[in-house]
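# A look at the structure
As a plain string of letters, each chain reads:
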Amino acid sequence: MITVRELLAEPSLQLTLAAGRQGLERAVVAAHVSELTRPSAWLQGGELLMTVGLFLPEDLPGCHQYVEDCVHGGVSALVLGLGRDLPHQGAPAALARAADEHGLPLLLLPDPVPFIAVTKWVFAQLAEAERREWQDAVAITRDLTAAAAGADPLGAVVDAWASALGTAVVVTDLRGDPVASAGVGADQLAGRAGPALEEALGGSLPPPGSGEVEDVQVLTLGASSPRGLLLLERSGDARAMHALAVLVSLLSLELDHRHAAGDPERRRRAHVVAQLLSSGLRPHQAPRLAASIGLPPGPLRVVVVRLAEQERSQEVAAVLTSALHQAVARPRASAVDLLVPDVPELVPALERAARGRPIGISALTRLGELHVSARQADSLAQVSAHLGRAVQAEESSATQLLLQLGPPELLSSYSDAVLAPLDSLDGRERVELLHTLEGWLQANGAWEVAAAALSVHRNTVRNRIARVAALTGRPLERADQRMELWLALQARAAVLRAPLAGGPAGSSPTPGQC
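Residues numbered from 1 in each chain as written. Predicted model: local features only at pLDDT ≥ 70, side-chain atom pairs only at ≥ 80, totals over all residues. Heavy atoms only, no water.

## Structural notes on the environment of A393
Within the secondary structure layout, A393 lies in the loop between β16 (391-392) and α14 (398-403). A393 gets classed as partly exposed once you look at its relative accessible area, which sits at 26%. When the C-alpha atoms of A393 and A363 are compared, they prove to be 5.3 Å apart, with 30 residues separating the residues in sequence. Filtering out sequence-adjacent residues up to four positions away, A393 remains in contact with I361, S362, A363, Q376 and L380. (Helix = DSSP H or I, 4+ residues; strand = E, 2+ residues; numbered from the N terminus. Buried < 20%, exposed > 50% of the residue type's maximum accessible area, 1.4 Å probe, protein only. Contact = heavy atoms within 4.5 Å.)

## Considering the environment of R330
Relative to the helices and strands, R330 is located in strand β13 (residues 328-331). Sequence spacing of R330 and A91 is 239 residues, and the spatial spacing of their C-alpha atoms is 80 Å. What R330 contacts, discounting residues up to four positions off in sequence, is A270, V273, A274, L277, A335, V336 and D337. Here D337 takes part through its side chain, which lies 2.5 Å from a polar atom of the side chain of R330. (Polar contact = N/O pair within 3.5 Å; in protein donor to acceptor, adjacent residues only side chain to side chain.)

## Here's the deal with the sheet that holds β16
Pairing is mixed in the open sheet, where five strands are placed in the order β13-β14-β12-β15-β16. Among the strands making up the open sheet, the edge pair consists of β13 and β16. Bridge count for β13 against strand β14 (residues 335-340) is four bridges, and the pairing is antiparallel. Pairing of P331 across the sheet is with V336, part of β14. Taken strand by strand, helix α9 (residues 263-276) contacts β13 and β14, and its axis lies near 85° from that of β13. (Pairing = 2+ DSSP bridges. Axes fitted to C-alpha atoms, helices over the stretch in contact; angles between N-to-C directions.)

## Some thoughts on the nonpolar core
Formed by 26 residues in total, the largest nonpolar core has its most connected members in L144, W161, V171, L230, L247 and L251. For this core, the elements supplying multiple residues, two or more each, are α4 (115-148), α5 (153-165), β8 (169-172), β9 (178-182), β10 (216-221), β11 (228-233) and α8 (238-261). Here this core takes eight residues from α8, the largest share from any one element. For L144, the residues in contact, after removing those within four places along its chain, are V157, A160, W161, A243, V246, L247 and L250. (Core = buried A, V, L, I, M, F, W, Y, C linked by side-chain atoms within 4.5 Å.)

## Comments concerning helix α3 (residues 93-102)
Listed as buried for α3 are A94, L95, A96, A98 and A99. Those residues of α3 that are buried lie in contact with β2 (16-19), α2 (60-72), β6 (77-81) and β7 (106-109). One or two steps after α3, the chain reaches G103, where phi turns positive at roughly 70°.

## Considerations on the packing of helix α17 (residues 447-454) against helix α18 (residues 458-472)
When two helices pack together, their arrangement is captured by the angle between the axes and the distance separating the axes. Closest axis-to-axis distance for the α17/α18 pair is 8 Å, and the angle between their directions is 105°. Here α18 runs roughly perpendicular to α17, going by the angle between their axes. Contacts between α17 and α18 involve W447, E448, A450, A451 and L454 from the former and R458, V461, R462 and I465 from the latter. Residues of the contact of α17 with α18, tallied by class, amount to six nonpolar, no polar and three charged. (Parallel < 35°, antiparallel > 145°, perpendicular 65-115°, else oblique. Nonpolar A, V, L, I, M, F, W, Y, C, P; charged D, E, K, R; others polar.)

## Concerning helix α10 (residues 285-292)
Listed as buried for α10 are A286, L289 and A290. Burial along α10 is one-sided: seen end-on, the buried residues are contained in an arc of 100°. Turned more than 90 degrees away from the buried face of α10 sit R288 and A291, all of them exposed. Considering only its buried residues, α10 is in contact with α9. Directly beyond the C-terminal end of α10, a positive phi value near 80° is found at G294. (Arc of directions from axis to C-beta.)

## Topic: the pairing of β10
A large share of β10 lies buried, amounting to six of its six residues. Across six bridges, β10 lies against β11 in antiparallel orientation. Paired with L221 across the strands is G228, a residue of β11.

## Let's talk about the pattern of salt bridges
The tally for this structure, following the rule as stated, stands at 26 salt bridges. E265 serves as the salt-bridge partner of R268, at 2.9 Å between the closest nitrogen and oxygen. In this pair, R268 and E265 both sit in helix α9, three residues apart, roughly one turn of the helix. On the accessibility criterion, R268 (34% relative accessible area) is partly exposed. In this structure, R357 engages E311 in a salt bridge whose closest nitrogen and oxygen atoms are separated by 2.5 Å. Linking R357 in the loop between α12 (346-354) and β15 (359-361) with E311 in the loop between β12 (301-306) and α11 (313-323), this pair joins segments that are 46 residues apart in sequence. You can call E311 partly exposed: its relative accessible area is 25%. Here the salt bridges share partners, and the residues they tie into one network are R306, R330, R332, D337 and D378. (Salt bridge = Lys/Arg side-chain N within 4 Å of Asp/Glu carboxyl O.)

Below you can see the structure in the form of structure tokens.
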């Protein structure tokens, strides 16, 4: 990079500064000659703009407009050519004042020196700077490659990068836990990455070059499949841009190598999972098998993640176990089975790692009975494929779950038909009757229990339920009639919870929405 100060210091060009001293550190990336009074449309920024001032305005407002246009076009400095046969033999006072006020360096080029000499010097310096940058980038690449051949490639490579460029760097696993770091401030890099890191950990893994947040880049590592993340302190150093691809490649190769080295152990663990999920396992064998793969003796959940056609189950299993370090996996042809202890935030972690794949999660089950949970999780995964979200055994009732599988139009038609007499009432009475009906049905028709839950007198409950029976024509002492009303209420709740077209799922309905 060349600065205006360096240009001014070159003795062969004999340049002098007439105004705009505050802009001497501006970078010069090109040299251009123009006599236009509005040159900005023809510039890309960073140019040294040279002119003899054929059409320069003479008044101060006109000079202000000219300099403003130059600044708008990104001009790094203005060079005015002087000479006996040229319009100017010195810096016009109005132009110098305008340049000072806008902080644009105004340089004067004396008669003996042609513009072409300035142009040649600028481009020669730029070429030399680029050559040095490439040489330094090659040296950095050589150091990175040598570090990758050492005993601790991951740590050595990030150390070499931080030493060469003076910037912080961190390598994390797919949970965001650091596995290697180097450079001053590396421990704060994750916090500075902010939303980009959260998005990457949430499943939107960015390719190299994207995911920048302010001065931090978040890059994906891994050749065939994501193995980790690279957090890189962004640098304006051109050497970093040249050597970045090599850094990403070396770190990806090392993470892929570590993954491949663990294949025998992963196969052993998958075999143990298959044994734990088999129905012929004897009770006394289960604790020993679980302990052999690091699982606790307490109850476990079985998770089934269903795969699309031609997906590689081994790769998906690796991503899932990287995101859930407590889990052990068994890849199958069309699914991945996981055994997981009771851990907090399990569903969000699974949904982030599985990235839209159907997920069924069993109830907590004792060792020795996991084969039953496996069937449960597999069934729930099929339901998950319809609902578009993870389904857990402990969540809503089976009735609500089955209703969510039905077409919303059909559920709406059914609930509207059954509840039509109540829907036709005025707002307040409708809300009161529907709310009371739901509370009474949940209390299994017990007047005192329903009254306490609804915070009203039992006679109020009796009167409202009698009103419901009269309006709907249903004798509510009959179980089948109560079931019809209950299903209608549940069907309406399922429709309200279902996602709208292209939108997120709604929240549970309030009593007034039933």
